[in-house]
Amino acid sequence: MQRRYLQLDVFSERAGQGNPLGVVVDCEGLDTAAMQAIAGWLNLSETIFLLPPEDGASYRLRIFTPRQELPFAGHPSVGAAWAALELGLAEAGESRELVQQCAAGLLPVKVVGSRWFRQLHVRTPPAQRRDAVIDALPAGLAALAHPQVAPALWSNGPDWWLLRARSEAELRRYQPDLAAIAALPGTGKLALYAAADRPDVGYQYVLRAFAPGVGVNEDPVTGSAHALVAAALLQAGELAAGSQYLASQGRERGRNGQVQVQVDAQGQVWIGGSVQPVINGHIDW
């Protein structure tokens, strides 16, 4: 069957700088196995499948990596909101708000700007710190780690180990030991982050995300991990409710992803950014 297919570049000011997202629109007749097969064949960090909404939502999606389904992910959620608006599957109305339905539940979305200058901001699921420890960091990570911040396993749907680096410069130079990361307790996913070394570079934090345990060696831009870093900073007292910052990711992969991170007055974390359409066509499956 021929199905409409889009490929978007998410968290990007122009095409080629963000994280590619596959969007399958006409999903009639596709079961879970077929969706997983398509995501594996496309081999993007995530592929989404847009479905008729339920429970008062504006749109519904399912999210797949090449190996598994996710309850929530950041760049698929931002990209899904853009696609739902662009394809006329949802309308923001005067409120400039949408409601996303995914396996993590109903998530509010804020729409800022118009078509060519549109930004989408998604409220992420509540972050939880898991009860897990790493007995000993691999040597490369131990040398990189900030001495005053222990690694911690956090989840907002997907699980990520968070490890703060000593500096942005050291983080950008880091050469990952993918086998050691894949062997970490849990799902073998690690987000490394650091404060920007200089205050005049335009962003306040930098992040790199490695997920060899789910088939993605280094993700170009990772919204869920950025949201977890904000939750960790909030818990540590380094971030206050009502604050926001810009985060950089992807330069080590030739990208320039920009993620807007906001903490609202209630302490809820929102992530947002721009989306660029790259491919508009069909997939035969």
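One can find the structure itself at the top, above this paragraph.
Keep in mind that this is a model prediction, so the values were computed, not measured. (Residues numbered from 1 in each chain as written. Predicted model: local features only at pLDDT ≥ 70, side-chain atom pairs only at ≥ 80, totals over all residues. Heavy atoms only, no water.)

A. Broad picture of the overall build of the protein. Counting secondary structure elements, the protein contains six helices and 17 strands. When the backbone C-alpha atoms are referred to their principal axes, the protein occupies close to 50 × 40 × 35 Å. Counting the 285 residues in the protein, one finds 54% classified as buried. Of the roughly 12,100 Å² of accessible surface on the protein, a fraction of 48% belongs to carbon and sulfur atoms. (Helix = DSSP H or I, 4+ residues; strand = E, 2+ residues; numbered from the N terminus. Buried < 20%, exposed > 50% of the residue type's maximum accessible area, 1.4 Å probe, protein only. Areas by Shrake-Rupley, 256 points an atom, 1.4 Å probe, with all protein chains shown as cover.)

B. Main features of the pairing of strand 11 (residues 159–164). With six of six residues buried, strand 11 lies mostly within the body of the structure. Sheet analysis places strand 10 (residues 152–155) next to strand 11, joined by four bridges and oriented antiparallel. If you follow Ser155 over to strand 11, its bridge partner there is Asp159. Where strand 10 folds back on strand 11, the antiparallel hairpin that results is connected by three residues, among which Gly157 adopts a positive phi of roughly 130°. Note that strand 11 and strand 12 (residues 190–195) share four bridges and pair parallel. Note that in strand 12 the partner of Leu163 across the bridge is Leu192. (Pairing = 2+ DSSP bridges.)

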